[in-house]
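Residues per chain are reported as follows:
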There are 2 protein chains.
Amino acid sequence: MIEKKGSILTVREDIKVFDCTIRDGGLVNNYHFSDAFVKAHYETCVAAGVDYMEIGKNVSPTIMSVDEYGPWNFCKEEDIRRIVGENKTDMKIAVMADIGRSLKEELIPKSESVVDMIRIATYIHQIPAAIELIEDAHAKGYETTVNIMAISKSFDDELDEVLSQLSKTNVDVIYIADSFGSFYPEQIKKLTEKYLKVAQENGKKVGIHAHNNLQLAYANTLEAMIYGTSFLDVTISGLGRGAGNCPLELLIGFLKNPKYKLMPVLKFIEEYIVPLEKELDWGYSIPYMLTGQLNEHPRAAMKARDEKDTKYREFYKSLMVD
Amino acid sequence: MIEKKGSILTVREDIKVFDCTIRDGGLVNNYHFSDAFVKAHYETCVAAGVDYMEIGKNVSPTIMSVDEYGPWNFCKEEDIRRIVGENKTDMKIAVMADIGRSLKEELIPKSESVVDMIRIATYIHQIPAAIELIEDAHAKGYETTVNIMAISKSFDDELDEVLSQLSKTNVDVIYIADSFGSFYPEQIKKLTEKYLKVAQENGKKVGIHAHNNLQLAYANTLEAMIYGTSFLDVTISGLGRGAGNCPLELLIGFLKNPKYKLMPVLKFIEEYIVPLEKELDWGYSIPYMLTGQLNEHPRAAMKARDEKDTKYREFYKSLMVD
């Protein structure tokens, strides 16, 4: 039986607030954030006491088009430095690598980079390729995480095998990723128990990346945290693909560590999110609820939202066609 | 140590889906719903398998103005019958009574009414008056609930005394009401344990009424349910005061009892909620988050939303003034 770590009134030093606003938010606008936006966001994260900020993906420009996608899909070293300089702060910088799109040949050594952490996002069937990226990034001096996606569609024994394989790597953090926003807190608790057992036996930490299809991103993040998950993914105002993520401002409102500050986040929301909400669509809505309830990828819901389609019954029926 | 009741895959016959869209939603528009809206909503609830529908409040027209408030603030028998007829359905009709605004002299006997249940909303300091209303409604043949409001501001021993007093009455259901939307699932679990102990020893049920200030209305409703709460308050699309309530469509998507149907709810959302969202403001937003985090009444946030005020830092500071 898994036990609670800490209490609602204490500080847990293992907790890391991990902001992925630019990276997950970039999925909404193909990474076309202005430098002013990313710079303000970076300064907000520093002022708010955020522990890690993920500034984008390091996809290879030989694989995705630099005309179609903005700079934060590629995260060239000079682009990052234009925002963070030498990053002389307590906050670490992370970048996400996609299997098949990020090339280890292009990853420069940590000694030459302002990036601290590489996060490898992988499906279960890509684990050998993921391990290759993990070990390459580790050997080059980076902290690493692995985010196993779409586990709500995987068989339990396959997930166990994947966790066992990952436990033998040099990865620092293994993430529970609720890709379709379909998990309930009870299920997150069981997953936390499963991941934490493997992680603890192998000197690793566990992280959680939630989506808000069922209005449970924050609740699921709290649930995972309560039972020992350390790395907590959040985005400002939940900015992220589809129903979005666990809002940073909600999590910071809960955490008792005085190093986390809400006021800088409110400033960023006033100045950058309020206008952005008039341009971009993200966050909980009925189509995302339906894909979440059916444990499906949000892609059909994203299309419905793009088309401002509110024929929810027709949409629901279309999801249930065999 | 409290134990879970049932599992994520089973049906619990004690569960009652309690829709309070018109009653809590009426707080947003002073109960000015059209008959067409209320009729469509009633038919939706019947088709969706809802167990109870709260159609408004039974405030005395001698106390609040019938010019200012619509008919569902008063719930005259003829108004209710205009919508539900004799209510020859499996769904029960409820009405909420407010201490000091609802008069027992005006409550007709159940034998003459299509209403099945009277819900008494009370603050802790009004408990003697609440008990008077409970016993009067019970004696007249109604089912009764008591919804103890603002308990996040009460002392634990006072709440214990109130529960003890209520346990000796004829009330059927005692509600955990998260009036300010400030509770976390861990706290809801503790409250459920407390309420359930008193309820079970005295042959009563427990209910939960959540608000969504912290995006936790659904999660808190699930948490209370898992540990034995039976009466689950919901509103369609969360329509309700301030940050709104636990959405009916989310709860029905979770419950495994095949009597609950999502499609009629989607129809109502398409036809009535989508247009209403253009007129009325409700649901999670930063001002409601801030009053929730500070455990305050949402009234200041309602004013900020009315004025479309997005100066969130100023608002936050104003809440923290002594």
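Residues numbered from 1 in each chain as written. Chains lettered and ligands numbered in written order. Predicted model: local features only at pLDDT ≥ 70, side-chain atom pairs only at ≥ 80, totals over all residues. Heavy atoms only, no water.

Labelled according to an unreviewed UniProt entry, chain A appears under the name DRE-TIM metallolyase superfamily protein, originating from Arcobacter aquimarinus.

(A) Region of interest: the interface of chain A and chain B. Each partner contributes residues to the interface: chain A has 38 residues there, and chain B has 39 residues. In this assembly, chain A and chain B are joined by 6 salt bridges. As a salt-bridge pair, Glu186(A) and Lys4(B) come within 3.3 Å of each other at their nearest N and O atoms. Applying the counting criterion to the chain A and chain B interface returns 10 residue pairs in polar contact (both at pLDDT 80 or more). Taken together, the residues of the side of chain A that touches chain B sort by class into 23 nonpolar, 6 polar and 9 charged. (Contact = heavy atoms within 4.5 Å. Salt bridge = Lys/Arg side-chain N within 4 Å of Asp/Glu carboxyl O. Polar contact = N/O pair within 3.5 Å; in protein donor to acceptor, adjacent residues only side chain to side chain. Nonpolar A, V, L, I, M, F, W, Y, C, P; charged D, E, K, R; others polar.)

(B) The UniProt feature "domain: Pyruvate carboxyltransferase" (unreviewed entry) in chain A, seen in detail. Mapped onto the present numbering, the UniProt feature "domain: Pyruvate carboxyltransferase" (unreviewed entry) falls on residues 15-270 of chain A. Measuring from the first to the last C-alpha atom of residues 15-270 of chain A gives 27 Å, for a span that is 38% helix and 17% strand. (UniProt positions renumbered as here; feature names shortened; annotations may be inferred. Helix = DSSP H or I, 4+ residues; strand = E, 2+ residues; numbered from the N terminus.)

(C) Structural context of helix α2 (residues 35-48) of chain B. Residues and elements named next belong to chain B. Compared with an ideal rise of 1.5 Å per residue, which puts 14 residues at 20 Å, α2 spans 20 Å between its outermost C-alpha atoms and is within 8% of the ideal. All of the buried residues along α2 are Phe37, Val38, Ala40, His41, Tyr42, Thr44, Cys45 and Ala48. After α2 finishes, the residue glycine 49 shows a positive phi value of roughly 85 degrees. (Expected span 1.5 Å × (residues − 1). Buried < 20%, exposed > 50% of the residue type's maximum accessible area, 1.4 Å probe, protein only.)

(D) Inspection of the pairing of strand β5 (residues 143-148) of chain B at higher detail. Residues and elements named next belong to chain B. The element β5 is extensively covered by neighbouring structure, given that 5 of its 6 residues are classed as buried. Sheet analysis places strand β4 (residues 117-122) next to β5, joined by 6 bridges and oriented parallel. Its bridge partner being in β5, isoleucine 120 is matched across the sheet by valine 146. With respect to chirality, the unit in which β4 leads through helix α4 (residues 127-139) into the neighbouring parallel β5 is right-handed. Sheet topology places β5 next to strand β6 (residues 173-177); 4 bridges connect them, and they run parallel. Bridge pairing in β6 links isoleucine 148 to isoleucine 176. This β-α-β element, β5 to helix α5 (residues 156-167) to β6, shows right-handed connectivity. (Pairing = 2+ DSSP bridges. Right-handed = clockwise from strand over helix to strand, strands pointing away.)

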